[in-house]
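Close look at the chain arrangement
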Amino acid sequence: MSAWSEEMSVASTVSAEKVAPKTPGARRRRILVVDDEPHARRALVELLSDDGYEVASAGDGFKALGILREWPCEVLLTDWRMPVMDGITLIKKAREENPQLGCVVMTAFGSVESAVEAMKAGADDYLTKPLNFDAVSLVLARAMDRIEERRELTSLRARNAEQRAQTRTKILGSSPPVQSLVAMIDQVAGARATVMITGESGTGKELIARMLHEKSGRVDKPFVRLHCAALAESLLESELFGHERGAFTGANARREGRFEEADGGTLFLDEIGEISPTIQVKLLRFLQQREFERVGGNKTISVDVRVVAATNRDLEAEVKAGRFREDLYFRLNVIHIQAPPLRARPGDVPLLARHFVAKYAQENARNIEEVAPEVMSTLERYDWPGNVRELENVVERAVVMTDGTRLELRHLPAELLRQSERGLLGELGVQIPGSSLAEIERHAILRTYEATGGSSAETAEMLGISVRKVQYRLREYREAGVMVED
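Calculation notes
Numbering of residues starts from 1 in each chain and follows the order in which that chain's sequence is written. Totals for whole chains, interfaces and linings use every residue, but because this is a predicted model, local features are given only for residues with pLDDT of at least 70 and side-chain atom pairs only at 80 or more, for both listing and counting. Calculation of side-chain values draws on the structure's entire complement of heavy atoms; hydrogens and water are dropped beforehand. Per residue, pLDDT captures the predictor's confidence, and it can take any value from 0 to 100. Under the scheme used here, helices are H or I runs from DSSP no shorter than 4 residues and strands are E runs no shorter than 2 residues, and both carry numbers assigned from the N terminus. Whether two residues touch is decided by their heavy atoms; if any such pair falls within 4.5 Å, the residues are in contact. Within this scheme, the nonpolar core is defined by two criteria: the residues are buried Ala, Val, Leu, Ile, Met, Phe, Trp, Tyr or Cys, and they are joined through side-chain atoms within 4.5 Å. Exposure classes here rest on a 1.4 Å probe applied to the protein chains alone. A residue is buried below 20% of its type maximum, exposed above 50%, and partly exposed in between. For two strands to pair, DSSP has to find at least two bridges joining them. Lines fitted to C-alpha atoms define the axes here, with helix axes fitted over just the stretch in contact, and angles between the N-to-C directions of these axes take values from 0 to 180 degrees. A pair of aromatic rings is counted whenever rings of Phe, Tyr or Trp (Trp by its six-membered ring) have centres within 6.5 Å, and the orientation is called stacked for planes under 30 degrees apart, edge-to-face for over 60 and tilted otherwise. Cavities and pockets were defined on a 1 Å grid built from protein atoms only: a cavity is a group of points that admits a 1.4 Å probe but offers it no way out, a pocket is an open group of points flanked by protein on both sides within 12 Å along at least five of seven lines, and a lining residue is one with an atom within 4 Å of any such point. Grid points are joined across faces, edges and corners, and a volume is the space filled by probe spheres set on the points. Each residue receives one of three labels: charged for Asp, Glu, Lys and Arg, nonpolar for Ala, Val, Leu, Ile, Met, Phe, Trp, Tyr, Cys and Pro, and polar for the others, Gly being one of them.

Moving on: the confidence of the model for the protein chain. Scored by pLDDT, the protein chain comes out at a mean of 83, with 86% of its residues at no less than 70. Across the protein chain, the secondary-structure element scoring lowest on mean pLDDT is helix α1 (residues 3–12), at 41, and the one scoring highest is strand β6 (residues 195–198), at 96. Counting interchain partners and residues more than four positions distant, the pLDDT-below-50 stretch residues 1–25 has 32 contacts.

In structure tokens form, the structure reads like this:
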């Protein structure tokens, strides 16, 4: 019997009933255990099999490499000190062949230096011998989560490439506000009626307008956009309706306006609340009669254009103040769509963030495989006054600032971190000034413990205190009825 067959026979005979897939036909997650000590190896195989993993094992690094080539797995769990080939060398060689492989090192030399060396070699995490089985389960669960995240980022990169090859626009998100928005778009896209899109800056009003166009029967005709606030009144009139030669100084030739360019399609008028009273009158006439004249011309021109307007202003208030015509407001507001702010859809933040990470990692030649959990929790807590546009800018900056494969808190803007932390402190009832040192300490320990995935050792290292103190405080908090996330 070959070494490969021997190792697999050990793994396959352990707890066969307990490791059966929960879903018929589903492949269990695989782990390769590498340790030159037979008893330790068998104990780990039993433990991990009982936890529901499909497990193979090897007694040295060369055998492990052979197994990995024939038996693809998610995680390599290897001892550090082994004859023939040590764990660090094994990880480097295994990662050369499979960059997506999760790697965890076991070592009896649990120093900071050994952990740093393991991480530099490509390890995702490390365990100190003698092993604590609860710690083993926790670390491997984290490693599996990282694998899923890497796969998701890879999938998002592929989807981004496909989307760039297509013209269809999509709104990312599955929250109730987004579901309602998409349902509304589907309902009204095929109509000719004018649409008013309202919402804060950065909520994707142009994206909604493009979706309306692409889901309509006008999809093969032009989608024309005009930012009304960017032009002076005289230029805006010419941009909208065109002009005849000699209509004004510099008009050396006849020019068609945006209405003619959009004939048969959709004209998106962004920041409609900024147009002057004169332009309001001419726009009202077009919406009523579907015709206009170019600046300096007498010929009446008729076009088939669907108008979609957008504003972040309160047009009802503008009407009451006399700055916007009431009749034009009603003509524009036949169908009203409200773009939800990002703070109303916090559940969509992780999906959007990962989408932007994949997008800007590709654009900036960054190989980002993982987003730290504390980064995601920080992004979800932030209020996002600039909405999706602000989130995109923050993620782009973070990607550019990343010098490795993991996006971490230090890559986020300092002001965002401060505001997010203030929001969390408020949620927890921690006020500075106003809270005792004991309350602040409790907050620091619990938040760090949560961020490290329930590791007392990592929490102690990050806070600069002893592991014993962390464990004592956690026990104290539990006895006091405080929920502690393990």
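This part is about the nonpolar core. Residues Leu240, Phe259, Leu269, Ile272, Ile275 and Leu332 are the most contacted members of the largest nonpolar core, which totals 30 residues. Of all the secondary-structure elements, those providing two or more residues to this core are β7 (223–227), α9 (233–241), β8 (266–270), α11 (277–289), β11 (306–311), α12 (315–320) and α13 (326–332). Looking at this core, the element that brings in the most residues is α11, giving five residues. Once residues lying within four places of it in the same chain are set aside, the contact partners of leucine 240 are Leu226, Gly257, Arg258, Phe259, Leu267, Leu269 and Ile279. Grouped together as the second largest cluster of nonpolar side chains are 26 residues, Val375, Leu379, Trp384 and Leu412 included.

One open sheet holds the five strands; their spatial order is β2-β1-β3-β4-β5, and the pairing between them is parallel. This sheet does not close on itself; its edge strands, each paired only once, are β2 (54–58) and β5 (125–128). Averaged over all pairs of adjacent strands, the angle between their axes in this sheet comes to 20 degrees, without regard to strand direction. Note: strand β3 (residues 75–79) against strand β4 (residues 102–107), five bridges, orientation parallel. When the bridges of β4 are listed, leucine 76 appears paired with cysteine 103. In the packing of helix α4 (residues 87–97) onto the sheet, the strands contacted are β1 (30–34), β3 and β4, and the crossing angle to β3 comes to about 160 degrees.

How two aromatic rings sit relative to each other is given by the distance of their centres and the angle of their planes. On inspection of all chains with the given rule, the structure shows eight aromatic pairs. Note on phenylalanine 241 and phenylalanine 292: the rings are 5.6 Å apart at their centroids and 45 degrees apart in plane angle, and the pair reads as tilted. With phenylalanine 241 in helix α9 and phenylalanine 292 in strand β9 (residues 291–293), this pair connects stretches of sequence that are 51 residues apart. For phenylalanine 241, a relative accessible area of 1% translates into the label buried. For the pair phenylalanine 259 and phenylalanine 292, a centre-to-centre distance of 5.8 Å together with 35 degrees between the ring planes defines the contact as tilted. Of the two residues, phenylalanine 259 is situated in helix α10 (residues 258–261) and phenylalanine 292 in strand β9; the sequence distance between them amounts to 33 residues.

Once that is clear, we can look at α9. For the α-helix, the turn length of 3.6 residues means that residues three or four positions removed from each other point alike. Among the residues of α9, those classed as buried are Leu236, Glu237, Ser238, Glu239, Leu240 and Phe241. Residues of α9 that are buried in the fold lie against β7, α10, β8, α11 and β9. Once α9 finishes, glycine 242 follows within two positions and takes phi at roughly 80 degrees, a positive value.

Attention shifts here to the sheet that holds strand β12 (residues 335–338). Spatial strand order, β7-β8-β11-β6-β12: five strands in an open sheet with parallel pairing. The open sheet has two edge strands, β7 and β12, and neither has a second partner. Between one strand axis and the next, the sheet turns by 20 degrees as a mean value, whatever way the strands run. Bridge count between β6 and β11: four bridges; the pairing is parallel. Directly across from methionine 196, in β11, lies its bridge partner alanine 309.

Glancing now at the pairing of β2. Burial analysis of β2 places five of its five residues in the buried class, which makes it a mostly covered element. The alternating pattern of β2 places Glu54, Ala56 and Ala58 and Val55 and Ser57 on opposite faces, both of which are buried. Note that β1 and β2 share five bridges and pair parallel. Note that in β2 the partner of valine 33 across the bridge is serine 57.

Attention shifts here to unusual backbone geometry. Trans peptide bonds make up most of the peptide bonds, and negative phi angles are found at most residues other than glycine. Cis peptide bonds are those with omega within 30 degrees of zero, and the linkage from lysine 129 to proline 130 qualifies with 0 degrees. The topology assignment puts proline 130 in the loop between β5 and α6 (133–165). The phi angle at glutamate 271 is positive, at roughly 55 degrees, despite the residue not being glycine. Looking at the element boundaries, glutamate 271 is found in the loop between β8 and α11.

Right, let's get into the environment of leucine 68. Topologically, leucine 68 is positioned in helix α3 (residues 61–70). When the C-alpha atoms of leucine 68 and alanine 56 are compared, they prove to be 9.7 Å apart, with twelve residues separating the residues in sequence.

Enumeration according to the criterion identifies one cavity of 30 Å³ or more in this entry. In this structure, the largest cavity encloses a volume near 40 Å³. As for the largest cavity, its lining consists of Ala353, Val357, Val371, Val375, Met376, Leu379, Val395, Leu407 and Leu412. Contributions of two or more residues to the lining of the largest cavity are made by α14 (349–363) and α15 (373–381). Examining the composition of the lining of the largest cavity, we find that three residues originate from one element, α15, more than from any other. Partitioning the lining of the largest cavity into residue classes produces nine nonpolar, no polar and no charged.

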